[in-house]
Structures are given as structure tokens and as C-alpha cells.
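An overview of the molecular structure
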Amino acid sequence: MSAASSGFVRGETAQVRPAPVAVTGAVGWLRTRLFNTPGNILLTFICAALAWLVLEPAVRFLFVDAVWEGRDRGACLADVAGHPVGACWPFVTAKLGQFIYGFYPEAQRWRVNVVFLLGALLLVPLLIPRLPGKALNAALFFAAFPVVAFFLLYGGGLQGFAVSWSASALAALAGSLTEAGQRLGGAGEGGLVVAAAAAALGWLGAAVAWLASPLFWLREVIRQSGEPLWLDIAATAAGVSVVALWLGGLRALAKVLASFAGLALAIVVLGLDRGGLPVVSTREWGGLLVTLVVSVTGIVASMPVGMALALGRRSNIPLIRILSVAFIEFWRGVPLITVLFFATYMLPLFLPGNFTMDGLVRVLVGIALFAGAYNAEVIRGGLQAIPRGQGEAAAALGLSYWTTMRLVVMPQALRHVIPGLVNSFIALFKDTTLVLIVSIFDLLGQLRAAFSDPTWATPTTLFTGFAFTGAIYFVFCFGMSRYSLFVERRLNVHRRR
Amino acid sequence: MTGEARKAPFRPLARFKRIGGARASWSGLAAQAVLLAVLAWLAYEMVANVRANLAAQGIASGFGFLSHSAGFAVSQALIPYEQTDSYLRVFAVGLVNTLVVSAIGIVLATILGFAVGLGRLSPNWLLARLAGGYVELIRNLPLLYQILFWYLAVLGALPGPRQSLSPLPGVFLSNRGIVVPEPVPQASFAIVVAALALGIVVALGLGLYARRALFRHGRVVRVWPYALATVIGLPLAMALLFGPPLTFDVPELRGFNFAGGVRLLPEFAALTIALSTYTAAFIAENVRSGVLAVSRGQWEAGESLGLSRGQLLRLIVVPQALRVTLPPLANQYLNLTKNSSLAVAIGYPDLFSVFAGTALSQTGQAIEIIAITMAVYLAISLVTTTIMNVFNWRVARRGQA
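Note that this is a predicted model, so its numbers are computed, not measured.

1. Things to note about the overall build of chain A
Helices and strands together make up the secondary structure of chain A, namely 19 helices and zero strands. By the compact-globule yardstick of 23 Å for 497 residues, chain A is too spread out, its C-alpha radius of gyration being 32 Å. With respect to the principal axes defined by its C-alpha atoms, chain A has extents near 110 × 90 × 55 Å. Across the 497 residues that make up chain A, the buried fraction comes to 28%. Of the contacts made within chain A by residues no fewer than 6 positions apart, 69% connect residues no fewer than 24 positions apart.

2. Points about helix H14 (residues 359-385) of chain A
Relative to the 39 Å expected for 27 residues at 1.5 Å per residue, H14 of chain A spans 40 Å between its end C-alpha atoms, a close match to the ideal helical length. Most of H14 of chain A is tucked away, with 20 of its 27 residues classed as buried.

3. A few points about the pairing of strand S2 (residues 177-180) of chain B
Residue and element names in this part refer to chain B. Note that strand S1 (residues 172-174) and S2 share three bridges and pair antiparallel. What sits directly across from Ser174, in S2, is Gly177. Between S1 and S2, which pair antiparallel in sequence order, lie two residues. Where S2 and strand S7 (residues 262-264) come together, three bridges link them in antiparallel fashion. From the neighbouring strand, Val179 faces S7, where its bridge partner is Arg263.

4. Observations regarding the sheet that holds S7 of chain B
All names here are of chain B. Overall, antiparallel pairing links the three strands, which are arranged S1-S2-S7 in an open sheet. Pairing within the sheet leaves two strands with one partner each, and these edge strands are S1 and S7. Neighbour to neighbour, the strand axes of the sheet diverge by 20° on average, direction disregarded.

5. A few points about unusual backbone geometry
In terms of backbone geometry, most residues other than glycine have negative phi values and most peptide bonds are trans. One non-glycine residue, Ser439 of chain A, lies in positive phi territory at about 60°. Positionally, Ser439 of chain A belongs in the loop between helix H17 (418-431) and helix H18 (443-451).

6. Quick word on the interface of chain B and chain A
On the chain A side, the residues contacting the 54 residues of chain B number 47 residues. Looking at the side of chain B that touches chain A, the elements that each hand over two or more residues are helix H2 (26-57), helix H4 (125-139), helix H5 (143-155), helix H10 (309-339), helix H11 (351-363) and helix H12 (366-400) of chain B. Per-element tally for the side of chain B that touches chain A: the top contributor is H2 of chain B, with 14 residues. For the side of chain B that touches chain A, the residue count by class is 39 nonpolar, eleven polar and four charged.

7. Examining the domain arrangement of chain A
On domain assignment, one finds that chain A holds domain 1 (22-64), domain 2 (162-274) and domain 3 (282-440). A C-alpha centroid distance of 70 Å is found between domain 1 of chain A and domain 2 of chain A.

8. Describing the environment of Val339 of chain A
Topologically, Val339 of chain A is positioned in helix H13 (residues 336-350). Through-space distance from the C-alpha of Val339 of chain A to that of Phe370 of chain A is 7.6 Å; in sequence the pair is 31 residues apart.

9. Concerning the packing of H14 of chain A against helix H16 (residues 401-416) of chain A
All names here are of chain A. Remark: H14 packs on H16, axes separated minimally by 8 Å, with the N-to-C direction vectors making an angle of 115°. Taken as a pair, H14 and H16 cross one another with a handedness that is right-handed. Contacts from Ile379, Gly382, Leu383 and Ala385 in H14 reach Val409, Ala413, Leu414 and His416 in H16. When its residues are assigned to classes, the contact of H14 with H16 shows six nonpolar, two polar and no charged.

10. Some words on the confidence of the model for chain B
Confidence in the prediction of chain B, expressed as mean pLDDT, is 84, and 94% of residues score 70 or more. Across the whole predicted complex the pTM is 0.84, and at the interface the ipTM reaches 0.85.

11. Some remarks on the packing of helix H3 (residues 87-120) of chain B against H10 of chain B
Residues and elements named next belong to chain B. Running from N to C, H3 and H10 cross one another at 140°; their axes reach a closest spacing of 11 Å. Here H3 lies oblique to H10, going by the angle between them. Relative to H10, the crossing made by H3 is right-handed. Residue-level inspection shows Ser102, Gly105, Ile106, Ala109 and Leu118 of H3 in contact with H10, the latter providing Leu313, Tyr333, Leu336 and Thr337.

Here is what the cut-offs are and how they apply
- Along every chain, residues carry numbers that run from 1 in the direction the sequence is written.
- Chains and ligands are labelled by the order in which they are written, letters from A for the one and numbers from 1 for the other.
- Given that the model is predicted, a residue must reach a pLDDT of at least 70 before its local features are reported, and side-chain atom pairs must reach 80 or more before they are shown or counted; all residues, however, enter totals for whole chains, interfaces and linings.
- The helix and strand labels rest on DSSP assignments: H or I over at least four residues marks a helix, E over at least two residues marks a strand, and numbering proceeds from the N terminus.
- Only C-alpha atoms enter the radius of gyration; for comparison, a globular chain is expected to reach 2.2 Å times N to the power 0.38, where N is the number of residues.
- The burial label depends on the number of other C-beta atoms within 10 Å of a residue's C-beta. Counts of 20 or more mean buried, 12 or fewer mean exposed, and intermediate counts mean partly exposed, with C-beta atoms placed from the backbone.
- Once C-beta atoms are placed from the backbone, any two residues with those atoms within 7 Å are in contact.
- Any helix carries an expected span of 1.5 Å times its number of residues minus one.
- A pair of strands is labelled paired if DSSP reports no fewer than 2 bridges between them.
- To define axes, lines are fitted to C-alpha atoms, for helices over the stretch in contact only, and angles between the resulting N-to-C directions are given on a 0 to 180 degree scale.
- Polar here means any residue outside two lists: the nonpolar Ala, Val, Leu, Ile, Met, Phe, Trp, Tyr, Cys and Pro, and the charged Asp, Glu, Lys and Arg; Gly therefore counts as polar.
- For each domain, the first and last residues come from an automatic or database assignment.
- Note on convention: the crossing is left-handed when the near helix lies turned anticlockwise from the far helix by less than a right angle, right-handed when the turn is clockwise.
- On a scale of 0 to 100, pLDDT captures the predictor's confidence in every residue.
- Roughly parallel means an angle under 35 degrees; roughly antiparallel means over 145; roughly perpendicular covers 65 to 115; every other angle is labelled oblique.

Written out as C-alpha cells, the structure is:
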């Protein structure tokens, strides 16, 4: 059977077909992505109309019809300006100080600027992966910067240092133990067990007091001297140096000495030994300052809480595991606003009557615990992603639990979950707005307060204020989310095809 | 030969250790003991401080205040409520309001979220960009900011009742809220509803029949025209026979306010809009990640079968995507419910606002009220999480088979 006789094989060449419709280039792109089917064409037109309806008035409001100069509401009224008025930017200019600093005294605002500058200088190199010295940078940002920022923003000086602090804390502990023992024993009922517990508490209190007695003596000596702060620091430095030399050798000693030198320098620069800067009470703080203080403190303080809870949840000691699970699920199950109310109205009842806590600090405690519970779940995800072999290898090398966690497991786990952590930081940053409900004036709170100023009451003031603060919030959150994407891509380089 | 199973040697200390659960070491047991001691000490300190503080402030603790008369008005009560009712009643009113705003928010957020999430994956470039822009804008602004924006700037900028906008006949938008006609059930209401229910049952039966015909015999039976006719026709016929089931009480402007109709509070409207648009942006991201998790081959297989994009999404992609999307979706619903407590910022009378806000400031019973409020939210969230875990476990198991 020859090929020519078969009906299935054609004898002549097929006709040349026209070239297919172009799918590359600008026209091809339009054809494939916007106008490929009748339904899609309709969709494109609807979307274009929608986009125009949103974007055109927005641009018109923000730029074209906006009023840029003026002293009061008069400039932003349509019959004065002579055209329909959009955004009233003079309102923002007039209130800018309030939006950024709140009611922080004008003469002291340079302190806030210094803190902003210091924070930016320390944070930016920390975020750029290529720059060296990450350990030192992180130590400065997470340990030194908060302390310096506190004394810059709040003001005030130092009376004592670690020796007098620890002496006071131990004295309080001993006192509380003894008092509890006395009260338990004083009740006089409850039989043998209660009496034994009371006696044990009393003994414990006495033992703590006796063990700490050298410290009490040292505190008295330091108090009597002319320079209590410097003597206290010297004593602390000597003690820590001895421990460092004993545990870590010369290297650790050098690090400790350098840290104390830095500390002394900071004290001299800020004048903490001479009473420091004038105190600005937190009630005068406000605006972006409070937003940043709350969010940065929340982020920094929630990390150790989160790590501890994540380890606790995976611990094989039942009590610690159960407590961690209960703690995490509790905080994750309630809205943040109830936590803030708890911190504002309930926490003072739990503290001794003579012990008052600053309103801002109370809120910070609540936010740190709340964010810590969320971080714990993120970090737990990272811990679960670490293969068992890592821990087993470390155990085979003879590392202890804590050394394994510190040197082997945690660094890998945290690297895995940086994007997740950044996402929870974004959520925390957005949640800082809730402090306005417990009468702390953050950026949004200041905005709301500014609306009630009759000098600037115009029909467009509200939209202008929301546009301005919205831009600030958006820049921060969007920046963080882009950074998280950047890190994620960097971490996944090896997985890319 | 098989020897008898040997008994474990009797080692009481080891058994004690096992009960204590310290697989690691004795130091674990010691840690637990120390932890217990510290907790006991903290609890003791707290109780002692609370007693001293309450005594100093002259506040009697306990839940007795719940039966006292509240004496304040609540602007939206869906269950009967008078000013003289007890605090327990206030609690119930607030709880109902929270549940209502959450339920409506969840429905709206789900619809909008799926639309935006699927839109973001559309081959239409403009639609994908618009959906992406929506998600980025909404997700990067604080929720409280958005609630205040809708409440103060948008709804607050509406004209007064006399100049109110009327986008549809009988619907009025003003700064007093949204007024819509109120449906009033008539005598034939029950009959028509029964007819509707019957129609739905018949339609479901037809659908089942068509499905069976398709799966057993490979026949495609077109039943939807009959189903539609039953669902619409049956109640319509009843309404024609027995008279209209509902009449509408159309609102009218009288003096400075509206008479008749149902008024939705502006607070309610602002909260619902803000919660549902905000949560929708997060749901859209969950939907998107779920759809992207469906492997490319599934899409290609559906395309090669000649399914349209709508069929492809409905029959192949979304059911598989749901398995990935459902757990975070439940989380978003939970977040929405918890976030509804932000109502306190604009004065919508939800559980938190009337109970932990007004009732707390009137009675001063901080511990009891905040504990009850936290317990309610905690219970809602734990119940939802448990249901989701069970559901998730079943879906995961079915997925593996």
C-alpha cells in the first residue's frame, strides 16, 4: 500500500494560514488582559468607570480644589475662596505640632526630635541585611535605646543603681513574706498545716532578709557617701565584672566594661546624676509620639514575652505547658479593648494602695502581654518548623536545654517567622489607636480632639484631617508590609525556581 | 517459647516523676514547685490588695448589682427594655446587639471578601488592580480610624432630616441615620411563608433528582425552570388568593424627624460598613491564598474539559480552595466579632459599650463587669475555635482519603 493511494494522506501542501492574533506588545496585552471576551469588555468598562468615580474626586479634593494657605476657617469657606473648596491644608499646618507631639511643651520638643532621630539612626541599619554589626546594633536598639529614650522623653534623674534597686526589691520581698506569715498565723485557725505554712513563710522572710543583709549594708554605705549614683554604679560594675570574668573570661569582661563605660557616658551627657532634664508627665504626651512610643514599646516588650510563652507551650513540664496554653488562649480570645479596660480599671485594684502606676505604663503592660500572646503563636510555628534532628544533634554535643534553644533552635526559628512577626507588628501598630478609648491621646485621638476646635470648623476639615492621618498610618503599615515581603523573598531565595 | 510478660519494676520515685510529667529531669519538678509557690504568693498578694483597695473605696464586691435597676436608656434594644430594668437585662440587650452587628458584618464581609479575592485573581488586569488596591488600602489603615471615618466624616456629613437624600423611594439618608420602610406582616403572611417553604423543599427535591439522574444514568435533566417556577409561583399564587402578605409602613417627614419606618442608627451603619469592609480585605487575602493553593493542573484539567471560567471556579477550584481557606476564615469571623467591641468609640450600644462602658461607670464594679465581659468574648471565641478544629479535622481527614 503506497502513501499516494491512502485516503488519509494529502497530496498537496496546505494553504498558508493567516498569522495568529498578536498576544505580545501593547496591543496584544490590551487584547488578552482587558478586551478578550464580551463579558470582559463589559467588566473593563465598569471597572474603569468605578476607578474614575473614586480617583477623580479624590485627586480633585486633595490637590486641585485644595486650599493651601490661610490663618483660620475663613480661608477654607467656599464663598471666600471663590470656588468649591477641597482639602483645607492650613488646618493640618496649624495642628501639625499637636498631631506629632500632643501637648508636649513647645520648649522641650527638641527632646522628642532627638529620640525620633536616634531611633531612625539605629533602626535603619538594623533593617538593611547587608550591613555588618547586627548584634551590637540590635543590643543598642533593643536595650540601650529604650532607656535613653525614657530619660529623654520623660526626664528626671537617677538616685541609685542596681545595688539600691535590688536591695529595695529584696527588702520588699522579705517584708511581704514575713507579713503573709504573720497574717496566716494571726488568723489562729485552720489547724496544723496552716500554722506550719505560716511558720515556714516567716522563716523564709527572715532567711531572705539575712541573706540580703550585706546588700543592705552596702546600700547604706553608698547612701552616706557624697556621690551615691556613681558609687553605686562602680559597685555594680565591679560585681558584674567579677561574674563576667569568672564565667566568660577576658572577652566577656571587656564587653561588660565597655557597656558600663557607655552607660557612664550616657549618664554624663543626659546629666542624670544632676537631676536630668525637666520631667514632662505622660499626660502631656500625645499624637504621633504616643503612637510610636506605644507601638515600639509593645514590639520590643512583646518579643521576650512571646518567646517565653512559645517555649513554655512546647515545654515537657506539664504545669508550665498548661499555664502557657491558658495564658495564650486567654489573651487571644478577648478583644484588645477589654485588655485596655482591664489595665486601666482593674489593675490598680490588684496593686498595693500606695503604689500608683502611670496611665500610659498600665496600657503598655496590657498591650505587651496581648501582643506577646499573638507573637507566641507565630514563634511556635517557627519552632515547629525546625527539624527534630537539630535539637537531637545539639543534645548529642552535650548542650543544655537553654544553650540549645539560644544557639541552635531559636535563631533558626526566628529567621523562619520574620514575615509573620512583622505582620503581627503591623497589627499591633494599627491597634495602638485603641488607646484613645482609655483617654490617651495618640495620633487618632489628637485628630479627634482637633475636630472640636471652632477656629477650624469647615465642611471639609473632617475629610482633610482623615486624609492626613490616614496617609501617616498607611505609610507606616505599607512600609512594614513591603519590608516583610522583601525579607520573605530573601529567605526563600534557595526555593525559587 | 514465649515468656510471661514481665511486670514493670516497682519504683515509686520514678512513678511520681512520671505523674508529675517531668520527662526531662528532677529540675523540671523543682521548676513546677517554684512556679506554684510564686503563683500562690502572687494570688495571695492580689487578693489581699483587692480587699484592701475595695474596703478603702467602700465598694461591696459580688454580683448582687446585676439585679439592681439600671436607670439609663439604650438607643437600640432589639429585646424589650425599659430604663427600670436590671443590669442583667442591659447585659442581654448589649449581647444581642453585639451578635446582630457581628452576624450582619460576617455575611457582608464574606460576600465582599470572596468577590474581591476572586477579582484579584481575575485575568482582567483592571479588575485585578482595583481589587489589589482595595485590599492594600483597607488593610493598612487602623480599623478604629475607619470606623471614625465612616461615622464622623461620611455619615456625619449627611444633611439633616429635612434635606435628607432619598436614593430609593421610601429610603431616606440623613445624619439621624437611615430610615427604611418597615414591613408589617398581614393575615396571609403565614400562608405565603409556608408556600415559600414548600416551594423550596420541592425545588431541592428536583435538584436531588437531577443530580441522581446525572450520576446514575449520565442524563442531563434540566430542572431549574421548574424549580424556579415552584419557588416563585407557589407563594405568588397564595398571595393573589389571600391578599398581600406584607404592607410597608413608609416613613414620612414630620416636623424635624421621621415618623414610621425603621430607623437604623448611624452608629450601627458606620460600624457595620467599617467592620465588613475591613474584614472583607482580610478574607479576600485568605480566599486568594486558598485559590493559589489549588494546583495548576486542576485548572488545566477543567479547561481541557471545556468548562467556562465560572464553572471552573464553582465546580473545581473554590471547593478545593475552601479546605485551605476555612480555618483562617473562621479566624476572621472571630476577629470581626471581637472588633465589634470598638463600637464603644462611637457609642453603638453593643455589649462592651453598654456593659463595660455605661454600667461600669455607674456601678464602679470594675472587677465583676470586666470579668463578665471578658468571659463572654472568651466563650464565643473558644466555642468557635473548638467547632472549627473539629470541622477542620474532618475536612483534613476526608481530604487525605
